[in-house]
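# Residue-level structural notes
Listed below are the residues making up each chain.
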Amino acid sequence: MNRRTVTSGTEWEPRVGYSRAVRVGDRICVSGTTATDEEGAVVAVGDPYGQARRAMENVVSAVEEAGGTVGDVVRTRMYVVDIDEWEDVGRAHAAVFGDVRPATSMVEVSRLVDPDLLVEVEAEAVVGSDR
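Please read these numbers as outputs of a predicted model, since none were measured by experiment. (Residues numbered from 1 in each chain as written. Predicted model: local features only at pLDDT ≥ 70, side-chain atom pairs only at ≥ 80, totals over all residues. Heavy atoms only, no water.)

## A short note on the nonpolar core
The cut-off we apply is this: In these notes, a set of buried Ala, Val, Leu, Ile, Met, Phe, Trp, Tyr and Cys residues joined through side-chain atoms within 4.5 Å is what counts as a nonpolar core. Buried residues are those whose accessible area, probed at 1.4 Å on protein chains only, stays under 20% of the maximum for their type, while exposed residues exceed 50% and partly exposed ones sit between those limits. Going along the chain from the N terminus, every DSSP run of H or I of four or more residues is numbered as a helix, and every run of E of two or more is numbered as a strand. We call two residues in contact when some of their heavy atoms are within 4.5 Å.
If you look at the biggest cluster of nonpolar residues, it comprises 25 residues, and the most contacted ones within it are Ile28, Val30, Met56, Val63, Val89, Val119 and Val121. Breaking this core down by element, the ones donating at least two residues are strand 3 (27–33), helix 2 (48–65), strand 4 (73–80), helix 3 (86–97) and strand 6 (119–126). Among the elements that line this core, the one with the most residues is helix 2, at seven residues. Ignoring sequence-local partners within four residues, the contact set of isoleucine 28 consists of Ala21, Val22, Arg23, Val63, Ala66, Gly68, Ala123, Glu124, Ala125 and Val127.

Below, the structure written as structure tokens:
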């Protein structure tokens, strides 16, 4: 099977040795993704809903770049620095994934790589699963 990688172009990928997403066959795995803009700057500082929504939109963008659709997403994992913000993060998940309703987890972590980051999201997709 062919292996296809997707890059966001940030400094972190070559420095840490990872890809934004990897597609092998019909499966796409998206690395931990945060609320950053095209230049890699953190957006929605202090806003868990805004950060979660942007992170998930970035996930969907990576899935699409790898040849999938939002409907192909079958699993997400959400890492939050404050579990008390679960409703805002969950509301953002529902806004982005709607009726797709992938399997998911939300866990609290002590911190993320940048102190302004509140949420990080991973995803898995199976191309063609939306049919």
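## Comments concerning the sheet that holds strand 1 (residues 3–6)
Let me state the cut-off plainly: One requirement defines pairing of two strands: DSSP has to find at least two bridges between them. To define axes, lines are fitted to C-alpha atoms, for helices over the stretch in contact only, and angles between the resulting N-to-C directions are given on a 0 to 180 degree scale.
The six strands are arranged 1-2-3-6-4-5 in an open sheet whose pairing can be described as mixed. Edge strands, defined here as strands with exactly one partner in the open sheet, are strand 1 and strand 5 (103–108). Strand-to-strand, the axes of this sheet are offset by a mean angle of 10°, without reference to chain direction. In terms of strand pairing, strand 2 (residues 21–24) meets strand 3 through four bridges, oriented antiparallel. Looking at strand 3, one finds that alanine 21 is bridged to valine 30. Packed on one face of the sheet, helix 2 meets strand 1, strand 2, strand 3, strand 4 and strand 6 and runs near 30° to strand 6.

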